[in-house]
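Understanding the architecture of this molecule
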Amino acid sequence: MVAKNKIRFDGRVAIVTGAGGGLGRVYALELGKRGAKVVVNDFGGARDGSGTGAAGPADKVVDEIKAAGGEAVANYDNVATPEGGAGITKTAVDAFGKVDILINNAGILRDKGLLKMEPENWQAVLDVHLTGAYNVTKPAFQVMRDNGFGRIIMTTSAAGLYGNFGQTNYSSAKLGLVGFMNTLKLEGGKYNIKVNTVAPIAASRLTEDVLPPDLLGKMKPEYVSPIVLYLCSEECQETGKIYNAGAGFYNRAAIMTSPGVVVGDGKKITSVEDVSVAWPNIMDLKGAKEYAQLNDLVLGDLLSALEGKKAPAAGGGGFTSVKEVFDKMPSAFQAGAASGVDVVFQYCVAGEGDWYAEIKGGACTVAAGVHAKPICTLKIAAADYLDLMNGKMNAMKAYTSGKLKIEGDLMKSQLLEKLFKF
Ligand code: NAI
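Quantities reported herein were computed from a predicted structural model and do not represent experimental measurements.

Of regular secondary structure, the chain possesses 14 helices and 15 strands. Relative to a compact globule of 422 residues, whose C-alpha radius of gyration would be 22 Å, the chain shows 28 Å and is clearly more extended. Along the longest, intermediate and shortest principal axes, the C-alpha atoms of the chain span 80 × 50 × 45 Å. Among the 422 residues that make up the chain, the fraction classed as buried is 41%. A separation threshold of at least 6 residues defines the contact pool for the chain, and within that pool the share at least 24 residues apart is 69%. In the chain, which carries 46 positive and 44 negative side-chain charges, the distance between the mean positions of the two groups comes to 3 Å.

So this is what it looks like as structure tokens:
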């Protein structure tokens with residue numbers, strides 16, 4: 001059990017966009033109470049984003065934070081412009097010297113069925129939610145990267161995750177933020193910048209005529225701020241995830257991918273009829289999983305599934321020792337497949353020793369020992385290497401399971417299958 005008020009933000013600088021009311025106000029107040037210095041951004045427009053802006057909403061929240069003993073400054077920039085985004089980070093750096101936490105929260109609504117959705121209503125919503133998050137995050141991310149610390153929150157919506165009638169503009173913008181997070185989590189990873197996405201459900205001026213009145217009373221924004229603050233804290237190591245939060249109910253949403261199936265042999269182009277026959281297998285989510293990034297699908301499961309379809313190479317197998325494989329390697333070399341290939345594969349076979357294969361000018365030299373400049377190094381245990389060469393283990397499976405480690409130019413390892421036919 002964590003002691004009450006143990007999670008603190010002393011010394012941290014937080015930006016909350018759209019913090020002049022609704023959810024953003026509560027995030028800003030709670031951060032201020034727990035020691036953060038807060039930039040309270042709010043443009044002060046109408047619910048649909050119209051109007052020339054007003055200082056009142058941001059100023060009022062700054063006063064509230066100060067009255068509770070916290071530190072805060074107001075900023076009235078419009079997140080929908082690059083200048084506005086830059087201005088918000090500038091306010092943080094000028095007032096407090098840095099940015100540690102960014103909550104992209106500012107939002108508007110312009111609901112219409114698609115056929116009544118005029119370009120300006122489509123664009124205004126994308127400008128505030130999606131482009132707004134880009135405008136504010138880019139300069140803040142630079143400061144966070146320089147400091148080696150960052151916590152960024154994107155605000156999505158159940159409308160984007162699951163769909164909601166009359167909100168094609170809003171749903172598109174909100175799910176776009178999930179894509180933004182998916183890539184930013186990778187770009188921020190090594191700088192200790194964590195990026196997460198929250199889909200709130202709370203009573204505010206945005207939802208006063210959307211949610212049923214009896215529910216509105218239960219949906220206080222104060223129920224959403226605990227998870228948002230937790231995700232902003234130093235102790236939270238989570239990144240790249242999506243959460244629903246409302247009325248004290250919290251869960252995680254994820255993009256799951258089914259195991260799938262190779263239709264045909266992976267060589268002949270699949271026909272429409274083949275797809276229709278395989279439909280139940282394509283659709284079946286049993287055994288579905290979450291990918292951490294694109295390569296887990298493309299270089300992982302997709303290649304692995306295609307490999308699994310292949311018959312073992314003719315003449316392959318039957319090796320009883322690792323040395324035998326390397327002895328046979330020169331005669332297995334396919335000079336015809338090596339035109340323009342200039343590469344050194346270094347093999348480190350644990351328990352057996354090191355060999356390398358140097359391919360240059362259409363010729364292949366195989367020797368025991370360590371090459372001075374390997375391009376691609378493969379590390380594997382002797383028994384696993386024999387399984388691999390005897391067709392008992394699939395190369396991609398060996399790689400994704402960690403039995404085969406590849407260092408250097410990973411893509412070059414894809415050539416091995418073409419270059420050697422045992
Ligand atoms: P709200 O209308 O009370 O607060 C949004 C704030 O953003 C307002 O104070 C507004 O002045 C400010 N804002 C709007 N455009 C701006 C701009 N261009 N630049 C700077 N500030 C701007 O609404 P609420 O409900 O607090 O919404 C906060 C966020 O949560 C929004 O992104 C919204 O889409 C999202 N959300 C809210 C849900 C809810 O149940 N309340 C459901 C799902 C998502």
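So, next bit.
This part covers unusual backbone geometry. The phi dihedral of Asn192 falls on the positive side, at around 60°, and the residue is not glycine. You can call Asn192 partly exposed: its relative accessible area is 26%. Despite not being glycine, Ala247 shows a phi value in the positive range, around 55°. Following the sequence through the fold, Ala247 ends up in the loop between strand E7 (242-246) and strand E8 (249-253). Residue classification places Ala247 among the partly exposed positions, given a relative accessible area of 33%.

The ligand sits among 30 residues. The nearest are Asp42, Asn78, Asn105, Tyr170 and Ser204. Between the ligand and Lys174, the relevant distance is 3.0 Å, taken from an oxygen atom to a side-chain nitrogen or oxygen of the residue. Ser204 places a polar side-chain atom, nitrogen or oxygen, 2.4 Å from an oxygen atom of the ligand. Computed on the free molecule, the ligand has an accessible area of 820 Å², of which 95% lies beneath the protein chains in the complex. Elements with a minimum of two residues in the shell around the ligand: helix H1 (22-33), helix H4 (119-147) and helix H6 (168-188). Across the shell around the ligand, the residue classes tally to eleven nonpolar, 15 polar and four charged.

Another aspect to go through is the confidence of the model for the chain. In this model, the chain carries an average pLDDT of 93, and 97% of its residues clear a pLDDT of 70 or more. Overall, residues 311-315 carries pLDDT values under 50, and its contacts beyond four positions in sequence, including any with other chains, amount to four contacts.

Taken together, the side chains of Val261, Val275, Trp279, Ile282 and Met283 present a nonpolar region at the surface, about 430 Å² in accessible area. Structurally, Met283 is set in helix H9 (residues 272-283).

In the structure shown here, the tally under the stated rule is 14 salt bridges. Across the pair Glu64 and Arg25 runs a salt bridge whose closest N-O atoms are separated by 2.9 Å. Linking Glu64 in helix H2 (residues 56-67) with Arg25 in helix H1, this pair joins segments that are 39 residues apart in sequence. Residue Glu64 is classed as partly exposed on the basis of its relative accessible area, which comes to 26%. Arg25 sits in the partly exposed class, given a relative accessible area of 26%.

Interhelical geometry of helix H3 (residues 82-96) versus H4 gives an angle of 35° and a closest axis separation of 7 Å. Remark: the crossing between H3 and H4 carries right-handed chirality. Where H3 approaches H4, its residues Pro82, Gly85, Ala86, Ile88, Thr89 and Val93 are matched on the opposing element by Asn135, Val136, Pro139, Ala140 and Val143. Split by residue class, the contact of H3 with H4 holds eight nonpolar, three polar and no charged.

Analysis parameters
- Residues numbered from 1 in each chain as written.
- Predicted model: local features only at pLDDT ≥ 70, side-chain atom pairs only at ≥ 80, totals over all residues.
- Heavy atoms only, no water.
- Helix = DSSP H or I, 4+ residues; strand = E, 2+ residues; numbered from the N terminus.
- Rg over C-alpha atoms; globule rule 2.2 N^0.38 Å.
- Buried < 20%, exposed > 50% of the residue type's maximum accessible area, 1.4 Å probe, protein only.
- Contact = heavy atoms within 4.5 Å.
- Lys, Arg positive; Asp, Glu negative; His and termini not counted.
- Charge placed at Lys NZ, Arg CZ, Asp CG, Glu CD.
- Near = heavy atom within 4 Å.
- Polar contact = N/O pair within 3.5 Å; in protein donor to acceptor, adjacent residues only side chain to side chain.
- Areas by Shrake-Rupley, 256 points an atom, 1.4 Å probe, with all protein chains shown as cover.
- Nonpolar A, V, L, I, M, F, W, Y, C, P; charged D, E, K, R; others polar.
- pLDDT = per-residue confidence, 0-100.
- Patch = residues over 30% accessible without salt bridge, like charges linked within 9 Å, V, L, I, M, F, W, Y side chains within 5 Å.
- Salt bridge = Lys/Arg side-chain N within 4 Å of Asp/Glu carboxyl O.
- Axes fitted to C-alpha atoms, helices over the stretch in contact; angles between N-to-C directions.
- Left-handed = near helix turned anticlockwise from the far one by under 90°.

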